[in-house]
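In case you want the letters, here they are:
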Amino acid sequence: MERYVWETTKELARLGHEVRVLCEYRAAEKPEGIEVHELGRMFYRPRWLYYWRFSLRVKKWLQNHPHSDWVIHSHERVGVHDVTTFHGPPFASVREKPWWKKMSLRVAMQLYMERRELRVAKCIVPNSRIIARKLAHYYPEYAERLTKPVVPGVQPGTVRGVQKAPQDGGVIGFVGKEWKRKGLQKAVEIVAVLRRARPNLEFHVVGPNPAEVQHLFSDWQGGYKLAGLSSHVEYAGLDVLLHPAIAEPYGMVIAEAMASCVPVVISDVCGAADEVTPEAGLVLPLSSSIEAWVDAVEEQLKRENSVPRYERGWDKVAREYGRIYSEIPR
C-alpha cells in the first residue's frame, strides 16, 4: 500500500495536480511538488485504536484547513474523504466466523470504521477485481459506488534473457514476507516433487526470516537458499516465480516478475491473476492437487519462448485516478 501511495502521488504531482499528503510521519525525502503534513506518531496496538486516533487527527487537521475545493483521497480507515482505495480484503468477512469470535470491542470498532469509510466515500476504488467482488458481496448497498479496479503500477525490472532451464535443474523463486498466507509450505511441497526428476533444481526463498521457515526444509539435502528480507529481488535470475497464495489481495511480486519477463505460476485467489496472460504463465485454482502444480511449473521450466514484458507505469495509475477525480460531484 505504501508503495502504491508513494508512486501514485508523485505521478499526480508530475501531471500538474496540487498534492498534499497527510501521514503519521515522513520516512523518506519529500518528493518535489508535494506538501507533506505529519500528524505525529502513535502506538500501533491495538490496531483499531490506532486507526481511530489517526482518523480523529485527520478530521481535526482538515477542520483547521478549509478544503472545500479539494478532492480528499484516503487509503486508511477515515471518514472525511471523497475517494477511498481498498488495498486488502474487507474486514466484514469476520461475519462468517462463529459468534464467539465476533463478540469484542475490536471487531465492533473495525466493522464500524470500515462501514463508515464506505458510507462517506463518493467513489470506492478496489485494487483488484477480487477485492471488488468481496466489497460488493459484503456491502451490496455501496456496490454502485465501486469504480473499475485501479491495479498497481510496476517499475521496469532487469529483463531475463531468453533461456531454457537445464533439463536436470533450474531456479524457482518464492517472494513474500508473510509466508504462510502466500503459500510457502505448498511451494516447498511442489518443488520437492520437481527435484525428484530435476536433482539440480534450486529453490530461492526471499522475504521470510530464515529461522522461521527452516523447519520446512528439514528433510532437504541442499538445493535451497533462504535469502531473508530484501529490498531488491533479482527476478531475472529466476526461471519461474511460484506463488500458490492462500489469500492475496493483489501480489506485487507477480507483476514485478512479469516486468522482468519471468514466467509465473500462481493461485487464482491472487488479485494480479487478471494480469497474467497465457504467454506470461499459468493461474491454477487454489484447490488444485500438488501434481497439477508440479505439471504447471514443469511446463514453464521447459518453455523455450520468451515471456512478454509486463508494462504498467505509475503514470497510468495516476491518469486513471485523475479521471475518477474529475467525475466526482462537487
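Everything discussed here concerns the structure shown above.
Calculation rules
Residues numbered from 1 in each chain as written. Predicted model: local features only at pLDDT ≥ 70, side-chain atom pairs only at ≥ 80, totals over all residues. Heavy atoms only, no water. Helix = DSSP H or I, 4+ residues; strand = E, 2+ residues; numbered from the N terminus. Buried < 20%, exposed > 50% of the residue type's maximum accessible area, 1.4 Å probe, protein only. Contact = heavy atoms within 4.5 Å. Areas by Shrake-Rupley, 256 points an atom, 1.4 Å probe, with all protein chains shown as cover. Lys, Arg positive; Asp, Glu negative; His and termini not counted. Charge placed at Lys NZ, Arg CZ, Asp CG, Glu CD. Axes fitted to C-alpha atoms, helices over the stretch in contact; angles between N-to-C directions. Parallel < 35°, antiparallel > 145°, perpendicular 65-115°, else oblique. Left-handed = near helix turned anticlockwise from the far one by under 90°. Nonpolar A, V, L, I, M, F, W, Y, C, P; charged D, E, K, R; others polar. Core = buried A, V, L, I, M, F, W, Y, C linked by side-chain atoms within 4.5 Å. Pairing = 2+ DSSP bridges.

(A) Structural detail: the overall build of the chain. Secondary structure assignment for the chain yields nine helices and eleven strands. Expressed as lengths along the three principal axes of its C-alpha atoms, the size of the chain is roughly 65 × 50 × 35 Å. Out of the 330 residues in the chain, the part that is buried amounts to 48%. The long-range fraction of contacts in the chain, counting pairs at least 24 apart against all pairs at least 6 apart in sequence, stands at 61%. When the accessible area of the chain is evaluated, it comes to approximately 17,300 Å², of which 51% is carbon and sulfur surface. If you average the places of the 47 positive and of the 40 negative side-chain charges in the chain, the two averages end up 6 Å apart.

(B) Looking closely at the packing of helix α5 (residues 184–197) against helix α8 (residues 290–302). Where α5 contacts α8, the axes come no closer than 9 Å and their chain directions differ by 65 degrees. Viewed along their axes, α5 and α8 adopt a mutual orientation that is roughly perpendicular. Relative to α8, α5 is oriented so that their crossing is right-handed. Contacts between α5 and α8 involve K186, E189, I190, V193 and L194 from the former and I290, W293, V294, V297 and E298 from the latter. Looking at the contact of α5 with α8 residue by residue, the class counts come to seven nonpolar, no polar and three charged.

(C) Just the nonpolar core, in detail. Ranked by size, the top nonpolar core spans 28 residues in total, and within it Y235, L241, I254 and V264 carry the most contacts. Listed by contribution, the elements that provide at least two residues to this core are β6 (169–175), α7 (252–259) and β10 (264–267). With sequence-adjacent residues up to four places away left out, V264 is seen in contact with L241, I254, A257, M258, V276, A280, G281 and L282. I172, L284, W293 and L301 belong to the second largest nonpolar core, which has 27 residues in total.

(D) Up close: helix α4 (residues 129–138). Those residues of α4 that fall on the buried side of the exposure criterion are I130, I131, A132, L135 and Y138. Packed against the buried residues of α4 are β4 (83–86), α3 (105–120) and β5 (123–126).

(E) Structural detail: the sheet that holds β6. Spatially, β8-β7-β6-β9-β10-β11 is the arrangement adopted by the six strands of the open sheet, whose pairing is parallel. A strand with exactly one partner marks an edge of an open sheet, and here the two such strands are β8 (224–228) and β11 (281–284). Pairwise comparison of adjacent strand axes, ignoring direction, gives a mean angle of 20 degrees for this sheet. Here strand β7 (residues 200–206) pairs with β8 via four bridges, running parallel. The residue of β8 that forms the bridge with V205 is L226. Against the sheet, α7 makes contact with β6, β9 (240–243) and β10, and its axis sits at roughly 170 degrees relative to β9, the strand it touches most. Its contacts with the sheet put α8 on β6, β7, β9, β10 and β11, and the angle it makes with β11 is roughly 170 degrees.

(F) Structural view of the side chain of T9. Its location among the elements puts T9 in helix α1 (residues 2–14). On the basis of relative accessible area, T9 is assigned to the buried category, the value being 15%. Those residues in contact with T9 that lie beyond four places of it in its chain are V19, V21 and I34.

(G) Seen up close, the sheet that holds β4. One open sheet accounts for three strands, arranged β3-β4-β5; its pairing is parallel. The sheet is open, and its two borders are formed by β3 (73–74) and β5, each paired with just one other strand. Looking at chain direction, β4 and β5 are connected through four bridges and run parallel. Each residue of the ladder has a partner; that of V83, found in β5, is C123. Packing against the sheet, α3 makes contact with β4 and β5, and its axis sits at approximately 130 degrees to β4.

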